[in-house]
Every structure is written in structure tokens, then in C-alpha cells.
Amino acid sequence: MHHNVGGSELSALRALAARFPTIEAAVSEAAALRARLSLPMGVVHVISDVHGEDAKLRHVINNASGELRLLVDQILGDCLSPAQRAEFLSVLYYPREAINALSRDIVQRGARRDWVFETLQNQFKVVRHLRLSYRRVQFEALLPAWYRELFVELGSNQRPEYVRQMLDELAKYDRDWGAVRAGARLIRNLSCDELLVIGDLGDRGPRMDRVCDTLMRQPACRVVWGNHDMLWLGAHLGHEPTMLTMLRFSVRYRRMSQLEEGYGVMMAPLERLVRQVYADDPATRFSPKGEGFREAVTIARMQKAVAILQFKSEGRLLERHPEWNLEHRRLLHRIRWEQGKAKSVEVDGKIHPMADEHLPTIDPKDPYAYSPEEQACVDRLRESFTRSMRLRQHMEWLVRHGSMWARRDDVLFFHACVPVDDQGQVLSLQVDGQDLSGRELMDGLGSVVRRAMRKRWFGLDSDADWLWYLWGGPRSPLFGKDRLSTFETCFIADKAAHKEHKNPYFELMHDAGFVNRIGALFGMGPDALVVNGHVPVKVEHGELPVKRGGNAITIDGAFSEAYGDRGYTLVLRPDRIDLAQHAPFEGVEATIRAGADIVPTVTRVRQYPAPRTVGDTLQGVQIRSEIADLEALVRAYQEGVVTERDDQMELG
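A brief structural summary. (Residues numbered from 1 in each chain as written. Predicted model: local features only at pLDDT ≥ 70, side-chain atom pairs only at ≥ 80, totals over all residues. Heavy atoms only, no water.)

## A look at the overall build of the protein
Stated formally: Only runs of H or I of at least four residues qualify as helices and only runs of E of at least two qualify as strands under DSSP, and these elements are numbered from the N terminus. As defined in this context, the radius of gyration uses C-alpha atoms, and a globule is described by 2.2 Å times the residue total to the power 0.38. When accessible area is computed with a 1.4 Å probe and restricted to protein chains, residues below 20% of their type maximum are described as buried, those above 50% as exposed, and intermediate ones as partly exposed.
Across its full length, the protein carries 26 helices and 16 strands. The C-alpha radius of gyration computed for the protein amounts to 28 Å, which stays within 12% of the reference 26 Å derived for 652 residues, consistent with globular compactness. Dimensions of the protein along its principal axes, counting C-alpha atoms only, are 95 × 75 × 50 Å. Across the 652 residues of the protein, 55% fall into the buried class.

Next up, the structure:
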């Protein structure tokens, strides 16, 4: 025996031997991994601040941020007319809807057999190009079981008549259209090695539930959490301050169908509270956004009722956490009353008249206590949120696939900022009894989020309170402002009182040296590119996503309709990094009927001297480590330290 194997190393080798029980198995895996190092690195698509816009998200994923149109032109440009190209793209983007729209005409023309065959043939010309950057085992994992043999044949392109025979049999049972749909899905899955979403899946837009469904269907999706995501996590746990804040967004933007239809959360308790307490209240400061089935005045009253509940629950939360130094944000006991009317309020030492004096559920002697009607409403809402199995499934996925920050080679991602002072020095926050800042702060808060989710069966504690702090605390890396001025917006007419001041980070991002120092906190080199979302880029005011220093980008492009209906995708490619700016989306029907598409404006952010292979990336470092482990296993087999399992060995 040529080397001593320690106990922990031996345990690791035995665990690996369970997966690769023979020398042949270990050697062949090492060979495949070694070959993979020479493949082009996978394409990563990064989007941010989806805010419930499920239809637009689906289109940006389906057209691979405009990439599929270019690819189809490159591969099939010579053999498709403009009309055929538009039809082919609509089938790629929306196979179910497009086939429903096209199939009757295709059948009437007697062209079904040829149309299905030719569409699949064209799809697999694209597939053969895309699969060049995948290991065979990765590629085959994406093949649907039903159509596996058909797709292997289409991929080899050697027996067209054999393929036609299979399709004829599938057509007898109406399964040939399904093959086309599966082919479109395979192309979309191959066109993007990973989808990375840097926060804020819900709020403002219509359907958080469908956003989660769409992301969960992607073969490789990771999330960097945003502050709005914390509200949904807290609501799922039944944590009142976050639950009520999220509910206020859903009411304000008339997005209650995502709760009622999507998650089975009933609005009846809130409507009952409004009838009991706010029945004749004009609630003029609470006018909702957009259109909907319920009367605007009803929605306004609902929003007011939830806002008061939110301020009460937040006030009690902040009283529990004096260490956060947010006593000045407890405002209900600072209201001055005259003859049962809320006349004025003191904020930061200044007296403001109350723009809405009618606060029937606030007891001036105990302003943060729920009234009996409010308590009944909150209890019922909490039960509804915590019992929603679909919400639980989505939130468990979000935590399992999420983190506070992410790194992809020379690019660092987080949702908002690293909290700093005016001089650019990192600010600390006490978490679990330790003063943490920079990367350590993000990692510590990430642990708290996971812990809050794990402990949900045992009741809520201060871990769940941190979800609220992450949503809107001044030193939260997901928020990056000094305050949430929701109370002032609701009750003070003076707009100066509504001002929220951003953390100095957002101005310092223009300084390349500062950005390099931020990158260094996360182990990045001087070539780091730092990317955040959270703050919409106001293109109409001349703002640009790429900051003046050239090494920081904001990719919150106002994806949601409420913010401008644009949005960005950052695309990390082997040879370059592109920023795709999206136009407003006209809808699925327009895509199928008129060939409408979000054709993005693409800006090159970074160019590499040569296309990068997997071996040039952090993934390559990981693969080399796996190869070294396999080589150690082979030596252990050869030297008898670990025994091969003969039941797996080939005969002869």
C-alpha cells in the first residue's frame, strides 16, 4: 500500500464507492468529467424583480431573452420563409397555445403528418446545435420519458422513415402534437444552463403563484432572495407584521386573486372587518391601483383596515427588539387626539396634521392592541395563510433554491446592497449575539431565514421577526434605505415626510474602487462585476443600468406593469456578458397571431479574450476536485483499501 488513508478519508471513499462500485465505473466517470472541462461554459440568464408578472416572465424564459430568435435565424434562416419562421417561433415559445390555434387549419389541409415531421426535424437542427455544450448524461436527463426513443432518433438524424413510422403510430392516439410541444420545451431548457432570479418574485404584479410555478418548472433555477420575498415567507409562517404588509400590497394593487384563487387564502375575514368598522369610511387616502371586480371604495377601506393592523403589529414587533433602535418608527402612540379624532402626529420631532382623522379601532390608551373585531380577522387570516399547502410548497422551494447572495465566476449577485456609511465603510448588525458586516452579515442572515423555516412547527420566535427586518430594516442588505415611510404616505399630506433615504452604497456604486472593495469582501478578484436589482433603473430620466465605474450594474428594469413594463436580462456567455433590455409585452395571443415578440435591445457589458470553457470557471474547479476524488477511489480499489462490488462488474 502506497499511502495511509485516514478515517475520515476512508469514510469519504466508501461513500463515493456506493455510487461508483468498480474501477471501470470510477474511471469512466472521471473520463467524462475530464472531457466536460473542454466544453463551452453554460449560458446563465439573470433576471430581477419579477414582481408577480407571470405572463411576461414566461415569455422572457420562453424566448431565452431574445436568443432563440437569433439562433433560429442562424440555423434555419435559409430554409424558412418569414411566415414559416414566425409560426415556428410561436410554436417554440407557446407550443400548447400555438398548436391549438394552428391545428385545425393543418388538419383541414391534410398536412398534419408532414407538418409534425418537418417541425420536429427543424426543432432538432436547433437541438443538435444547443446540445454541443452538454454532457450526454445531462442532455438525456432533459429528454421526456414518453418521447425518449423518438428524440434519440431525431437527434441522430439517420433514419427519417423510422421516425415517420413512430409518428404515425403516435398520431393514432393524438400524441404527435405532444412530441412537438416536448421538442419546444427541450429547446427552451437547453438554451439556458441556469436561470438566476435576484429577488422579489411577488407583489405589485398579478400572480405570485404562477411566477413560482413557472420557475419551479425550469430544470436549473436559483434565487437570490429579495426583501419582498421575505414578506411571503413570513406570511406563510403566519408572522403577523410580514403577513399584513404583504396583504396590504395585494389589496393596494388589486391582486387578491393570487391569494384567493392561487393560494386559497380567503378575503372574507377582511371584508367582514370592513363592514363592521369602516362601512361608511370614504378612505380617500387609500385609493387602489388598477381595475378589478370589487368597488374601488371597498378596496380602499380594505387597504386602510390592513394598514392599521400592520402598524399595530409592527409597533409590537419593534417594542420586542430595542436592539434594532427603531423606537422612533413606532408612531401610533405619537398620535394626538381631540374628541375621538386623530388630529396630529409627531414624527422625528415634527408635528404633522393627520390627513385622515377617522381611526375607530385605535384605543389611545393602548394604541398597538387589536380591537376584538381586528383580532378575529387576524386570527382567521393567519389560519388561512398557514394552512395553504400550495403556499407552503412554493416557500419551501424558495428557501431550498435560494440564498442571500450568489457568485458566478467573476460576477457577484445580491438583491440590494452591502450596507455602508458615507465613507463606504461596511456597517455592522448584531445577529445571534455577534456584530456582523459584509459577507458575514449576509451569511448570518441567510442562516436565520433557513432556521425560521425549519422551526415553523414549533411556533414563531425572533427568527421570524428577522424576516420583517430583512424586508424593511435600515441595515438589511435586501432593503438599503433608512426607513419605510408607509405610515407617512397614508396619513401625512406633506410629501417631504414621505422621503426614504437610500444607503450611501447606491451612490458609491459609481466608484470602481469601492465596487472592487465590495467584491473583495466576497473573495472576488479585481475583475469583479457586482450586480444588484431592487432599485428600478429610470431610463426615462436618463439613468443607465451600467454604473459610471463600469464594474457595477443594476438590473431591476421595472419588469412589473406598475413600474414601467420593461426589464432586463443579464446573459453570461462563454465569450461575453450581454445586457438585454426588454420592451413591454403584448401578450401570448399577439405572439401567435401576429408574431409579436419582446425583441430586446442588447448591450455588451464585458468581452472575454477567448470563449471560456467549463474548465475556466468555478464549476471547473469543482469538477477537478471530483476527478481527484475519483482517482483516489481508483487507487484505493487497486490497493485493496476499498473493495470493488462484483455484483456490478461486467462478465468476461
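Back to the text.
## Quick notes on the packing of helix H5 (residues 82-93) against helix H11 (residues 176-190)
A pair of packed helices can be characterised by two numbers: the angle between their axes and the separation between those axes. We count it as follows: Interaxial angles span 0 to 180 degrees and are taken between N-to-C directions of axes, which are lines fitted to C-alpha atoms, for helices over the stretch in contact. Roughly parallel here means an angle under 35 degrees, roughly antiparallel means over 145, roughly perpendicular means 65 to 115, and every remaining angle is called oblique. Contact definition: two residues touch when any of their heavy atoms are within 4.5 Å. Residues were grouped as follows: Ala, Val, Leu, Ile, Met, Phe, Trp, Tyr, Cys and Pro as nonpolar; Asp, Glu, Lys and Arg as charged; and all remaining residues, including Gly, as polar.
H11 packs onto H5 with a crossing angle of 80 degrees between their chain directions and a minimal axis gap of 8 Å. Judged on the interaxial angle alone, H11 and H5 are roughly perpendicular. Here Val91, Leu92 and Tyr93 of H5 come into contact with H11, specifically with Val180, Ala184, Ile187 and Arg188. Of the residues assigned to the contact of H5 with H11, the class counts are six nonpolar, no polar and one charged.

## Some points on the pairing of strand E9 (residues 411-414)
Applied cut-off: DSSP bridges decide pairing: two strands pair if at least two such bridges lie between them.
Of the two faces of E9, the one holding Val411 and Phe413 and the one holding Leu412 and Phe414 are both buried throughout. In this sheet, E9 lies alongside strand E8 (residues 405-408) in antiparallel orientation, the contact comprising four bridges. In the strand pairing of E9, Arg408 is matched with Val411. Connecting E8 to the next strand, E9, in antiparallel fashion are two residues, including Asp409 with a positive phi near 60 degrees. Where E9 meets strand E12 (residues 529-532), three bridges bridge the pair, whose relative direction is parallel. Looking at E12, one finds that Val411 is bridged to Leu529.

## Points about the sheet that holds strand E14 (residues 568-572)
One open sheet accounts for seven strands, arranged E7-E3-E2-E1-E14-E15-E16; its pairing is mixed. Each end of this open sheet is capped by a strand with a single partner; those strands are strand E7 (402-403) and strand E16 (601-607). Pairing analysis gives four bridges linking strand E1 (residues 44-47) to strand E2 (residues 194-197), with the strands arranged parallel. The partner of His45 across the bridge, within E2, is Leu195. Packed on one face of the sheet, helix H19 (residues 389-400) meets strand E3 (221-224) and E7 and runs near 85 degrees to E3.

## Here we look at helix H14 (residues 240-252)
Note the threshold: Multiplying 1.5 Å by the helix residue count minus one yields the expected span of that helix.
The terminal C-alpha atoms of H14, which comprises 13 residues, lie 18 Å apart, in line with the 18 Å expected from a rise of 1.5 Å per residue. Of all the residues in H14, the buried ones are Glu240, Pro241, Thr242, Met243, Leu244, Thr245, Met246, Leu247, Arg248, Phe249, Ser250 and Val251.

## Topic: the packing of aromatic side chains
The line we're drawing: Between 30 and 60 degrees the pair is tilted, below 30 it is stacked and above 60 it is edge-to-face, where a pair is any two Phe, Tyr or Trp rings, Trp via its six-membered ring, whose centres lie within 6.5 Å. Remark: a charge is flagged as sitting over a ring if the NZ atom of Lys or the CZ atom of Arg is within 6 Å of the ring centre and within 35 degrees of the ring normal.
In the structure shown here, the tally under the stated rule is 20 aromatic pairs. Pairing Phe249 with Trp471 gives two aromatic rings, centres 5.8 Å apart and planes at 90 degrees, and the pair type is edge-to-face. In this pair, Phe249 sits in helix H14 while Trp471 sits in helix H21 (residues 462-472), placing the two residues 222 residues apart along the sequence. With respect to class, Phe249 is no different from Trp471; both count as buried. Summarising the aromatic geometry, the rings of Trp324 and Trp468 are spaced 6.4 Å apart at their centres and angled 20 degrees between planes, so their arrangement reads as stacked. You can see Trp324 sitting in the loop between helix H17 (296-320) and strand E4 (335-338) and its partner Trp468 sitting in helix H21, a full 144 residues away along the chain. Assigned by exposure class, Trp324 and Trp468 land together as buried. Positioned above the aromatic ring of Tyr368 is the side chain of Arg330, whose terminal nitrogen or guanidinium carbon lies 4.4 Å from the ring centre.

## Some details on unusual backbone geometry
Not every positive phi belongs to a glycine, and His51 is a case in point at roughly 50 degrees. Phi is positive for Asp200, close to 60 degrees, though the residue is something other than glycine. With respect to the helices, strands and loops of the structure, Asp200 is situated in the loop between E2 and helix H12 (208-217). By relative accessible area, Asp200 is classed as buried at 1%.

## Digging into the nonpolar core
Put simply, the test is: Put simply, a nonpolar core is a bunch of buried Ala, Val, Leu, Ile, Met, Phe, Trp, Tyr and Cys residues held in one set by side-chain atoms that sit within 4.5 Å of each other.
Leu215, Phe414 and Tyr505 are the most contacted members of the largest nonpolar core, which totals 119 residues. Looking at which element gives the most residues to this core, the answer is H17, with eleven residues. If near-sequence neighbours (up to four positions away) are discounted, Phe414 is found in contact with Ile198, Val224, Met404, Trp405, Met442, Tyr505, Ile518, Phe522, Val530, Val531, Asn532 and Gly533.

## What about the sheet that holds E9?
Remark on secondary structure: sheet strands pair via backbone hydrogen bonds, oriented parallel or antiparallel. Read across the sheet, four strands follow the order E8-E9-E12-E13 without closing on themselves; strand pairing throughout is mixed. The open sheet has two edge strands, E8 and strand E13 (552-554), and neither has a second partner. Here the average twist between neighbouring strands, direction ignored, is 20 degrees.

## A closer look at the pattern of salt bridges
Put simply, the test is: A pairing counts as a salt bridge when a side-chain nitrogen of Lys or Arg comes within 4 Å of a carboxyl oxygen of Asp or Glu.
For the structure shown, the criterion picks out 52 salt bridges. The shortest N-O distance in the salt bridge between Arg112 and Asp174 comes to 2.7 Å. With Arg112 in helix H7 (residues 112-130) and Asp174 in the loop between helix H10 (160-172) and H11, the pair connects residues that are 62 residues apart, well separated along the chain. Exposure remark for Asp174: the relative accessible area of 47% places this residue in the partly exposed category. A salt bridge links Arg382 to Glu240; the nearest nitrogen and oxygen atoms lie 2.5 Å apart. Taken together, the positions of Arg382 in helix H18 (residues 372-386) and Glu240 in helix H14 put the pair 142 residues apart, joining distant regions of the chain. On the basis of relative accessible area, Arg382 is assigned to the partly exposed category, the value being 25%. The class of Glu240 is buried, set by a relative accessible area of 16%. A single salt-bridge network, built from bridges that share partners, covers Arg207, Asp209, Asp213, Glu261 and Arg390.

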